[in-house]
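Okay, here's what each chain looks like letter by letter:
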Amino acid sequence: MMTPSAYAWTEGETLAQHFESRGVSRRDFVKFCSEIAVALGLGIAAGPRIARALESVKRPSVIWLQLQECTGCVESVLRTADPTIGDLLLDLISLDYNHTLMAGAGAAVERAKQSAMAANKGKYVLVVTGSIPTKEGGIYTVVGGRTAEDLVKEAAEGAAAILAVGACAHWGSVQAARPNPTGAVGVRDIIKNRPIVNIAGCPPIGDVITATIVHYLTFGRLPAVDREGRPLFAYRERIHDQCSRRAHFDAGQFVESFDDDSARKGWCLYSVGCKGPATFSPCPIFQWNTRTNWPIGAGHPCIGCTEPNFWDTMTPFYGRLPNVGGFPVEQRVDTIGAALAIGAAAGVAAHAAATVFTQIRRRKATHQVPETGPETENDDG
Amino acid sequence: MARTRVVVDPITRIEGHLRIEAQSENGKIAKAWASSTQFRGIEIIMQGRDPRDAWAFTQRICGVCTAVHAVASCRAVEDALNIKIPANANTIRNLVTGMQFIQDHVIHFYHLHALDWVDVVSALSADPAAAAKIGQSLSPWPNNGEAELRAVQVRLKKFVGTGQLGIFTNGYWGHPAYKLPPEVNLLAVSHYLEALDWQRDVIRLHTVFGGKNPHPNFLVGGMASAINLDHPATINAERITDLTGMITRARAFVEQVYWPDLVAIAGFYKEWGAIGGGTPNFLACGEFPEGDVRDLDTLYFPRGIILDKDLTRVHEYDPQKIREYIHSSWYEYEKGDAVGLHPYEGETSPKYTGPKPPWTYLQDETKYTWMKSPRYDGRAMQVGPLARMLVAFASGHRDVRELVLEALGKLKVGPEVLFSTLGRTAARGIETVLLARKMEQWLSELNGRIRDGDPATFTKEKWEPKSWPAKAEGYGYLDAPRGALGHWVQIADGKIARYQCVVPSTWNCSPRDAQGQAGPYEASLADNHPLVDPERPLEILRTIHSFDPCMACGVHVLDAEGREVVEVKVQ
């Protein structure tokens with residue numbers, strides 16, 4: 001039996017040494033780079049230069065913690081179309097830690113995480129999916145003997161920015177629904193000194209997750225967000241205002257029972273419980289799974305999954321939202337909160353309040369950005 | 001060689017959080033402990049809620065085999081309220097569940113399991129022309145050409161050249177247990193990437209009927225997607241055409257890429273047909289009702305029990321014989337740890353007695369996991385594709401027998417290899433092939449009924465709570481990709497009074513019971529299982545991944561302190 005060091009990739013070993021030992025010579029690598037150089041019209045002499053450039057290329061390190069969750073958010077990212085998940089993993093980012101996809105296991109991946117965090121201190125993006133259970137010292141989610149809270153605090157320390165992906169990571173989602181048996185909370189309740197973007201949804205649309213990452217890579221800063229930390233490029237509009245069935249709402253044409261004649265004519269689902277009037281989400285615009293369809297398009301009412309506490313405020317899912325009227329689109333953010341009644345309307349009210357308190361939020365947001373962190377645009381909308 | 005205590009935590013490429021502790025001696029594993037280190041408490045969250053909402057909550061148990069908990073939940077509520085769904089709704093659920101199996105199994109093979117058998121680094125030194133020759137000998141798949149494989153290798157070299165190996169960092173590359181030639185490794189890596197694109201395309205079937213994936217929408221009483229060929233906002237000719245394309249592409253990839261790869265790779269690892277067997281008892285609750293869900297004669301994959309690896313006899317499955325035990329689990333029962341409870345009387349109060357985190361070891365504790373131990377008639381049972389295929393094989397299922405015998409013939413091995421790590425992986429492929437063929441039939445049945453003027457997808461008869469009895473209870477089953485799944489619901493005065501799930505992962509990952517019976521993960525690792533290098537536990541990953549672990553399934557009812565719990569007296 002050979003010793004582990006004869007096979008394993010060891011830190012400190014150069015890439016050339018490692019692959020030489022695996023039968024890929026430095027010469028082969030430079031030869032490959034020379035082929036690329038010729039293909040690019042640069043001439044064969046540019047090969048070594050390209051080889052050096054390729055070796056020194058740094059893709060942004062992404063550390064992805066999966067805490068108390070169902071892995072639905074990772075699955076959603078696997079469905080992204082442009083960039084594809086293959087492009088994301090091989091060309092755009094260096095996903096240095098992620099339970100679902102990593103080849104190694106146990107101590108080996110924990111070591112990989114530690115070295116990636118150390119090598120990219122202050123620069124890596126931390127993605128968190130899943131909530132953080134706080135009851136009984138955090139024993140309800142433990143990885144490698146350490147609690148979710150311990151792990152997220154450690155990873156946040158050197159993160160440039162945090163993406164709280166999915167409803168769990170932002171406010172706890174289904175685990176935090178009444179009576180929240182494990183004391184599940186979101187990242188914002190644990191980490192107060194790093195910019196956090198909330199990619200809302202249960203799960204969020206995969207393209208929204210990757211677009212936020214690409215926004216950060218392309219523009220060097222996180223996207224502008226609303227009061228709930230949701231990027232405006234995706235969550236600025238209510239479902240109700242972009243809904244393909246909106247004309248039927250305005251005309252008073254409602255589905256009264258699933259699969260009735262009105263359902264077969266694509267009428268409005270408000271009467272069977274649609275939460276679209278109280279939900280800020282890109283569903284009708286971006287749609288799901290390479291723009292194939294979206295929940296209302298498939299005849300099911302919106303359950304409001306991009307809104308905080310929706311498991312409690314939007315249920316029963318088939319109950320009607322109270323007092324939804326027809327609002328002029330241009331006034332909606334300021335007036336809807338007052339027009340809607342209690343319960344499920346809370347999400348809309350919060351969004352309306354967000355606009356009223358824009359100045360307060362701006363001041364608050366400024367405080368949350370560490371000096372070394374990326375800029376967060378203000379919501380001026 | 002001295003005894004070594006091996007800890008693998010996290011086990012990656014699974015859903016959720018799983019820890020394996022093992023004792024290894026002289027290159028073998030002597031004993032193993034499997035621990036699920038996460039608890040979410042979804043069943044208590046269900047209490048007091050509208051039963052028609054239950055599918056949405058329970059669906060969030062798992063986002064990987066998404067949809068299956070939702071369907072099991074709808075079936076449980078429909079069973080309790082005696083709702084019979086329209087034939088179209090059943091067919092649509094079969095199509096959705098069927099595509100879930102197909103997509104999930106292929107993702108499992110390439111993205112969660114393959115790296116246990118495929119050495120990515122070795123693919124760098126492959127000869128693309130030779131790899132193409134091998135690929136073309138396996139199937140007519142058009143992307144197995146030299147140019148395609150060379151492009152993949154170039155991309156891989158460029159990736160490696162950056163020095164940032166990302167998800168491939170610290171894999172066990174070069175481990176002596178890797179046996180594939182570089183060319184087969186390259187072929188597999190190429191299909192790893194292709195499968196990423198393929199899965200995104202074919203799962204859109206969920207989006208047509210359920211609006212999104214993961215977590216498509218369902219409906220108690222049927223499906224919400226209305227059918228009207230003459231309307232742009234419903235299931236119409238354009239949607240049906242889209243579905244047809246997805247089903248065709250799903251079948252092509254399964255028949256021309258997944259299945260040939262699986263058989264080819266298995267050929268290099270035949271010794272794994274004698275490793276990782278473990279538990280000799282198998283349970284299948286049956287799936288794909290082609291008629292009413294209660295008519296068990298219409299199940300495509302039959303229901304049944306195999307005991308002591310005896311394929312000459314299939315015993316009847318009776319859900320009344322299920323009991324859950326907590327001898328090794330962090331829970332307490334009112335009547336003590338020795339009793340077993342049927343899900344209709346399920347009682348689950350967490351009582352953590354493990355070490356205070358951060359901790360180092362769990363195997364020294366009597367209780368060491370959040371998983372309970374479900375037992376069938378007192379026995380530990382293995383569930384999943386192998387259980388389903390064995391029950392079908394032993395029941396004389398024509399399609400299953402044909403494919404099982406074909407695979408055994410190609411590998412030149414006997415049926416005894418089925419009880420193994422390799423057997424579990426092969427069984428998963430076999431059922432995927434069968435379902436990929438079945439999808440066309442289901443779609444054609446749906447089309448036939450639409451043509452004959454039956455567009456119904458929902459029954460509103462028992463929709464309103466005022467039409468329900470004061471008390472009701474029901475059982476919903478679904479033999480999910482990872483194995484037998486059961487939801488048990490009790491309804492009182494229009495609300496959920498008690499909700500219990502016994503899931504594939506609790507069957508397979510169950511800890512030791514009071515009789516000392518280990519669950520399937522633990523038993524399979526302790527079954528004369530190799531572990532050459534405790535520092536690089538590749539063999540443990542092979543066997544554990546062959547079960548396709550999904551730990552978030554292990555949720556149970558929690559009687560949280562100070563919260564009102566709706567009480568119901570079970571008659």
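Please read all numbers here as calculations on a predicted model, not as lab measurements.

So what exactly am I meant to see when it comes to the overall build of chain B here?
From N to C terminus, chain B includes 16 helices and 15 strands. The C-alpha atoms of chain B give a radius of gyration of 24 Å, which matches the 25 Å a tight globule of 571 residues would have. Taken over the C-alpha atoms alone, chain B extends approximately 70 × 65 × 50 Å along its principal axes. Within chain B, buried positions represent 70% of all 571 residues. Sequence separation of 24 or more characterises 76% of the internal contacts of chain B that already satisfy a separation of 6 or more. Counting only carbon and sulfur atoms, one obtains 50% of the accessible surface of chain B, whose full area is about 17,500 Å².

Can you help me understand the overall build of chain A in this one?
Within chain A, the secondary structure is distributed over 18 helices and 9 strands. Considering chain A as a whole, with its 381 residues, one finds that 62% of them fall into the buried category. Across chain A, the fraction of contacts at a sequence separation of at least 24, relative to all contacts at a separation of at least 6, is 70%. On chain A, roughly 14,200 Å² of surface is accessible, and the fraction owed to carbon and sulfur atoms is 54%.

Help me understand the interface of chain B and chain A, please; the structure alone is not making it clear to me.
How big an interface is tends to be reported as the loss of accessible area on association of its parts. At the interface, 110 residues of chain B touch 102 residues of chain A. Interface of chain B and chain A: buried area, both sides summed, is about 9,200 Å²; carbon and sulfur atoms make up 61% of it. Counting across the chain B and chain A interface gives 3 salt bridges. At the junction of chain B with chain A, the criterion picks out 48 residue pairs in polar contact (both at pLDDT 80 or more). Of all the secondary structure elements, the ones that give two or more residues to the side of chain B that touches chain A are α1 (42-46), α2 (54-59), α4 (87-113), α5 (120-123), α7 (146-161), α8 (182-202), α9 (204-210) and α10 (237-268) of chain B. Take the side of chain B that touches chain A: its biggest share by element is 7 residues, from α7(B).

So what exactly am I meant to see when it comes to α8(B) here?
One full turn of an α-helix is made of 3.6 residues, so residues set three or four places apart face in the same direction. All names here are of chain B. Here α8 contains 21 residues, and its C-alpha end-to-end distance of 30 Å stays within 8% of the 30 Å for a straight helix at 1.5 Å per residue. Taking the largest bend as the criterion, α8 deviates by roughly 25°, centred on E194. Of all 21 residues in α8, 19 are buried, a share of seventy percent or more.

Would you take a moment to explain the sheet that holds strand β1 (residues 61-66) of chain A for this structure?
Two orientations exist for strands paired in a sheet by backbone hydrogen bonds: parallel and antiparallel. Residues and elements named next belong to chain A. The parallel open sheet is built from 5 strands, whose spatial order is β2-β1-β3-β7-β9. The strands lining the two open edges of the sheet, one partner per strand, are β2 (94-97) and β9 (196-199). Shown here is a sheet whose adjacent strand axes are inclined to one another by a mean of 25°, direction ignored. Seen against the sheet, helix α6 (residues 106-119) touches β1, β2 and β3 (124-129) and runs at an angle of roughly 125° to β2. Taken strand by strand, helix α7 (residues 148-157) contacts β1, β3 and β7 (159-165), and its axis lies near 160° from that of β3.

Would you explain the pattern of salt bridges in this entry?
Any two side chains of opposite charge can pair, so long as their charged atoms come close to each other. Residues and elements named next belong to chain A. According to the stated counting rule, one finds 52 salt bridges over all chains in the structure shown. Note that D150 is salt-bridged to R146, the shortest N-O span being 3.1 Å. The class for D150 is partly exposed, based on a relative accessible area of 28%. Ionic contacts of the salt-bridge type, sharing partners, join the residues R238, D241, R246 and D250 into one network.

What should I look at first to understand the side chain of T100(A) in this one?
One can find T100(A) in the loop between β2 and α6. Its relative accessible area of 4% is what places T100(A) among the buried residues. Within the structure, the side chain of T100(A) is placed 2.7 Å from the side chain of Q66(A), a separation counted as a polar contact. Among residues more than four places away in sequence, those in contact with T100(A) are Q66(A), T71(A), V74(A), R13(B), I14(B), H111(B) and L112(B).

What am I meant to see in the packing of helix α6 (residues 128-138) of chain B against α7(B) here?
Residues and elements named next belong to chain B. For the pair α6 and α7, interaxial distance at closest approach is 8 Å and the crossing angle is 125°. As summarised for this structure, α6 and α7 are arranged oblique, according to the angle between their axes. The two elements α6 and α7 cross, and the hand of that crossing is right-handed. Along its contact with α6, which presents P128, A129, A131 and A132, the element α7 presents E146, L149, R150 and Q153. Partitioning the contact of α6 with α7 into residue classes produces 5 nonpolar, 1 polar and 2 charged.

What exactly am I supposed to notice about the pairing of strand β11 (residues 373-376) of chain B here?
Remark: a regular strand shows side chains that alternate across the two faces of the sheet. Residue and element names in this part refer to chain B. What you see with β11 is no split at all: S373 and R375 on one side and P374 and Y376 on the other are buried throughout. One ladder, built from 4 bridges, connects strand β8 (residues 322-325) with β11; its direction is antiparallel. Opposite Y325, over in β11, you have S373 as the bridge partner.

Explanation requested: the confidence of the model for chain A in the structure shown.
All names here are of chain A. Taken as a whole, chain A shows an average pLDDT of 82; of its residues, 74% reach a score of 70 or greater. Taken as a whole, residues 1-16 scores under 50 in pLDDT and shows 30 contacts with residues more than four places along the chain or in a different chain. The low-confidence segment residues 328-381 (pLDDT under 50) makes 83 contacts with residues lying over four places distant or belonging to another chain.

It is not clear to me how the sheet that holds strand β2 (residues 18-25) of chain B should be interpreted in this structure. Could you clarify?
All names here are of chain B. Sheet architecture is open: 4 strands sit in the order β1-β2-β3-β15, paired in antiparallel fashion. Only two strands of the sheet have a single partner each, and these edge strands are β1 (4-8) and β15 (529-530). Pairing geometry for strand β3 (residues 28-36) and β15, over 2 bridges, is antiparallel. By the bridge assignment for β15, K28 is matched with P530.

What exactly am I supposed to notice about unusual backbone geometry here?
Both trends apply: most residues other than glycine have a negative phi, and most peptide bonds are in trans. All names here are of chain A. The omega torsion across D82 and P83 is 5°, close enough to zero to call that bond cis. By secondary structure assignment, the location of P83 is in the loop between α4 (72-78) and α5 (85-92). Note that the residue after T315, namely P316, is joined by a cis bond; omega there is 0°. In this structure, P316 sits in the loop between α15 (310-313) and α16 (332-339). At N180, a position not held by glycine, the phi torsion is positive, near 45°. Tracing the sequence through the fold places N180 in the loop between α9 (173-176) and β8 (184-185).

Help me understand the confidence of the model for chain B, please; the structure alone is not making it clear to me.
All names here are of chain B. The share of residues in chain B with pLDDT of 70 or more is 96%, and the mean pLDDT across the chain is 95. Here residues 556-571 scores under 50 on pLDDT; set against residues more than four positions off or in separate chains, the count is 41 contacts. Complex prediction metrics read pTM 0.90 and ipTM 0.95.

What counts, and at which threshold
Residues numbered from 1 in each chain as written. Chains lettered and ligands numbered in written order. Predicted model: local features only at pLDDT ≥ 70, side-chain atom pairs only at ≥ 80, totals over all residues. Heavy atoms only, no water. Helix = DSSP H or I, 4+ residues; strand = E, 2+ residues; numbered from the N terminus. Rg over C-alpha atoms; globule rule 2.2 N^0.38 Å. Buried < 20%, exposed > 50% of the residue type's maximum accessible area, 1.4 Å probe, protein only. Contact = heavy atoms within 4.5 Å. Areas by Shrake-Rupley, 256 points an atom, 1.4 Å probe, with all protein chains shown as cover. Buried area = accessible area lost by both parts, 1.4 Å probe. Salt bridge = Lys/Arg side-chain N within 4 Å of Asp/Glu carboxyl O. Polar contact = N/O pair within 3.5 Å; in protein donor to acceptor, adjacent residues only side chain to side chain. Expected span 1.5 Å × (residues − 1). Bend = angle between axes of the 7 residues up to and from the residue. Pairing = 2+ DSSP bridges. Axes fitted to C-alpha atoms, helices over the stretch in contact; angles between N-to-C directions. Parallel < 35°, antiparallel > 145°, perpendicular 65-115°, else oblique. Left-handed = near helix turned anticlockwise from the far one by under 90°. Nonpolar A, V, L, I, M, F, W, Y, C, P; charged D, E, K, R; others polar. pLDDT = per-residue confidence, 0-100.

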